[in-house]
Amino acid sequence: MTTVIEVNSLTKRYRDTLAVDDVSFTIEKDTIYGLLGRNGAGKTTVMSILTAQNFATHGEIRIFGEDPYENAKVLSCMCFVRESQKYPEDATPRHAFRIARLFYPHWDQDFADRLIDDFQLPVKKTIKKLSRGQLSAVGVIIGLASRAEITFFDEPYLGLDAVARQIFYDRLLEDYAEHPRTVILSSHLIDEVSNLLERVIVIDKGRIIMDEETDAVRDRAANIVGETSAVDAFIAGREVIHRESLGRVSSVTVLGELTADDLARLTDAGLDVAPVSLQQLIVRTTQHAAGASADATAGEPASDIDEGARR
Amino acid sequence: MNRTLNVIRMQLVNRQTYLWVPVIILSGSLVISLAIYGIIAGAGVTEPIYGGGAQAPLWYFAVVGAQALTLTFPFSQAMSVTRREFYLGTLLTAGATAALLAIIFVAGGLIEQATNGWGMNGYFFYLPWIWEAGPAAAGLFFFALASMFFVVGFWGATIFKRFGATVLTIVILGIGLLLVGLLWLVGRLDAWMQVFAWIGDQGALGLTLWGLLLIAVLAGTSYLTLRRTVP
């Protein structure tokens, strides 16, 4: 594996808030990453510092081994259309794509045209007058058709309906298969994107709390479902991160990979094992981590991720 | 270099801002001025008539300068354009459009001289004190003036974008106070005669060169501000 992005103790402080707190990670070539976390966790800040749109308070970043600031060679390999992207006055989507074509060496106009059809984007309307979903589509099309070596998608689905979101996921995977590249997708709709992601980086309050392969994350926990007394017997001595009971049936999420021995015991006890959704696991571990550090805040109102998990 | 030239194409991709709106403003104010001259000439006035309508597109340049930054800079960042490329490309665009405007003004002035002020001794483009050093100097004057309006708009917008509205207001008030202080000083030293004499000595060409110096200072500070501006 080749490392394309290297981040070393990156910190970003705005007057009185610490948006990014001493973060270090690496991004490998030709992999799809999920940058997950709640609103305001620091996702957009990290991406805008990586693309030299914003500046670190301290810490070091290297893109292809170089500093991206004012570095045309490195910057032209990256595409980052932010969620609240501004466009020139009176520009239409057609103008925006024409400009993107000038600056992105791998721009594929046919692909862009196909995406415009897929999203039914009105290309002659001024961008100011587009709906939120159509505005997101402009960003998504630039991100996909630019085929930049490193592409960032910042909450790309805002305002897109379920069909349009599926189109985005499908096109991203199809195109990624043909033209492998590094994709960093920031999102808080974790389950919806979880099938795309090869690795997840979870960021919370400016710190990275998880940086793992998606499959490894999934194996980290399991849902044990069955008769309450049998479940309790099985989970004795294990770390429980979540529990729900309905009548005499309980569903308990336990941390730790299940061994062959465990599986045999479960079958004997008539218990079922259900996979844990990535979203639930991340929500539970986030809450777990927060609870462990400050259990007084356990009554904190539900976050966006949390609401998503309950939907 | 290629990417800097592409910034020019980025700024010009929407013909509205840089081409059609100035053309509409210029021809609109020309038509209105000529209509007024017509009325005045029709009333039997034979003195040459001069108007300030030609300023209209120049003011628009300040707006374009501000918009080139506030709206196009964030987009240029999404296009992975460096700040230097954006800056150079945008100033080249401004210079090219200012040059085009200057050519139109000179051509208009030559037509007015040839037609004796559209046959009614009314002048829109031709102002004697600007033209006293010849058409080339007049062209340079218009070029510098249009560039200055653009750079002032651009300069204000970079300060706004980097430091916010409060700082921009303080800077503008500070410059205002400085100018008032200068006026007071000139009055105090009883030096108004010398000041006017100096301005008279400079002529349109001399003032143009001082204007170019001011443009260079504003453009330089804009670049230093832009280097650390976040879209």
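Predicted model, so just to flag it, every value in this text is computed and none were measured.

## Considerations on the overall build of chain B
Stage number 1. Within chain B one finds ten helices and two strands.
Stage number 2. Listing the helices and strands of chain B from first to last along the sequence gives α-α-β-α-α-α-α-β-α-α-α-α.
Stage number 3. For chain B, the spread of C-alpha atoms along the three principal axes comes to 60 × 50 × 30 Å.
Stage number 4. At a minimum sequence separation of 6, the contacts of chain B that also span at least 24 residues come to 83%.

## Some details on the sheet that holds strand β5 (residues 78–81) of chain A
Residue and element names in this part refer to chain A.
Stage number 1. One open sheet accounts for six strands, arranged β5-β6-β7-β3-β8-β9; its pairing is mixed. Each having just a single partner strand, β5 and β9 (207–213) make up the two edges of the open sheet. For this sheet, the mean angle separating the axes of adjacent strands, direction not counted, is 15 degrees.
Stage number 2. Strand direction decides the pairing type here: strand β3 (residues 32–36) and strand β7 (residues 182–187), joined by five bridges, are parallel. Bridging from a neighbouring strand, leucine 35 pairs with serine 186 of β7.
Stage number 3. Sheet contacts for helix α5 (residues 132–145): β5 and β6 (150–154); angle to β5, the most-contacted strand, approximately 175 degrees.

## Description of the interface of chain A and chain B
Stage number 1. With 25 residues of chain A in contact, the opposing surface of chain B contributes 25 residues.
Stage number 2. It is helix α3 (residues 93–103) of chain A that contributes the most residues to the side of chain A that touches chain B, six residues altogether.

## Quick look at the confidence of the model for chain A
All names here are of chain A.
Stage number 1. The predicted model of chain A averages 89 in pLDDT, with 92% of residues at 70 or higher.
Stage number 2. Of all secondary-structure elements in chain A, the lowest mean pLDDT belongs to helix α12 (residues 304–310), at 42, while helix α4 (residues 109–119) reaches the highest, 97.
Stage number 3. Scored below 50 in pLDDT, residues 295–311 shows 21 contacts in the model against residues more than four places distant or in partner chains.

## Notes on the sheet that holds strand β4 (residues 58–63) of chain A
Residues and elements named next belong to chain A.
Stage number 1. Here we have three strands laid out as an open sheet, ordered β2-β1-β4, and antiparallel in their pairing. Because the sheet does not close on itself, it has two edges, and the strands there are β2 (17–28) and β4. Averaged over neighbouring strand pairs, the angle between their axes works out to 15 degrees when direction is ignored.
Stage number 2. Where strand β1 (residues 3–14) and β2 come together, eight bridges link them in antiparallel fashion. Bridging across to β2, lysine 12 finds its partner in valine 20.

## Digging into helix α1 (residues 2–12) of chain B
Stage number 1. Those residues of α1 of chain B lying buried are Arg3, Asn6, Val7, Met10 and Gln11 of chain B. All buried residues of α1 of chain B project into a common sector of 145 degrees when viewed along the axis, lining one side.
Stage number 2. In this structure, the buried side of α1 of chain B is in contact with α2 (72–75) and α3 of chain A together with α2 (15–42), α3 (56–70), α4 (72–78) and α5 (83–114) of chain B.

## With respect to the packing of α1 of chain B against α5 of chain B
All names here are of chain B.
Stage number 1. One can describe the packing of α1 onto α5 by two numbers: an axis separation of 8 Å at closest approach and a directional angle of 55 degrees. Classified by the angle between their axes, α1 and α5 sit oblique to one another. Note that α1 runs across α5; the crossing there is right-handed. On α5, the residues touching Arg3, Thr4, Leu5, Val7, Ile8, Gln11 and Leu12 of α1 are Glu85, Phe86, Leu88, Gly89, Thr90, Leu92 and Thr93.
Stage number 2. Here the contact of α1 with α5 is built from residues that sort into seven nonpolar, five polar and two charged.

## Focus: the domain arrangement of chain A
All names here are of chain A.
Stage number 1. Partitioning chain A into structural domains gives domain 1 (3–216) and domain 2 (218–310).
Stage number 2. At the interface, 15 residues of domain 1 touch 14 residues of domain 2.
Stage number 3. For the side of domain 1 that touches domain 2, the secondary structure elements donating two or more residues are α7 (190–194), β8 (199–204), β9 and α8 (214–219).
Stage number 4. Class assignment of the residues belonging to the side of domain 1 that touches domain 2 gives a composition of seven nonpolar, four polar and four charged.

## Points about the nonpolar core
Stage number 1. Counting 132 residues, the largest nonpolar core has Tyr33, Ala96 and Ile141 of chain A together with Phe142, Ala146 and Phe150 of chain B as its most contacted members.
Stage number 2. Here this core takes 17 residues from helix α8 (residues 135–163) of chain B, the largest share from any one element.
Stage number 3. Once residues lying within four places of it in the same chain are set aside, the contact partners of alanine 96 of chain A are Tyr87, Ala91, Ile127, Val138 and Ile142 of chain A.

## What to know about the packing of α4 of chain A against α5 of chain A
Relative orientation and spacing of two packed helices are given, respectively, by the angle between their axes and the distance between those axes.
Residues and elements named next belong to chain A.
Stage number 1. Relative to each other, α4 and α5 sit at 150 degrees, their axes nearing to 9 Å. One way to sum up the angle between α4 and α5 is to call them roughly antiparallel. Relative to α5, the crossing made by α4 is right-handed. Contacts from Phe111, Ala112, Leu115, Ile116 and Phe119 in α4 reach Ala137, Ile141, Leu144 and Ala145 in α5.
Stage number 2. Its residues assigned to classes, the contact of α4 with α5 comprises nine nonpolar, no polar and no charged.

What counts, and where the lines are drawn
Residues numbered from 1 in each chain as written. Chains lettered and ligands numbered in written order. Predicted model: local features only at pLDDT ≥ 70, side-chain atom pairs only at ≥ 80, totals over all residues. Helix = DSSP H or I, 4+ residues; strand = E, 2+ residues; numbered from the N terminus. Contact = placed C-beta atoms within 7 Å. Pairing = 2+ DSSP bridges. Axes fitted to C-alpha atoms, helices over the stretch in contact; angles between N-to-C directions. pLDDT = per-residue confidence, 0-100. Buried ≥ 20, exposed ≤ 12 C-beta atoms within 10 Å, placed from the backbone. Arc of directions from axis to C-beta. Parallel < 35°, antiparallel > 145°, perpendicular 65-115°, else oblique. Left-handed = near helix turned anticlockwise from the far one by under 90°. Nonpolar A, V, L, I, M, F, W, Y, C, P; charged D, E, K, R; others polar. Domains from an automatic or database assignment. Core = buried A, V, L, I, M, F, W, Y, C linked by C-beta atoms within 7 Å.

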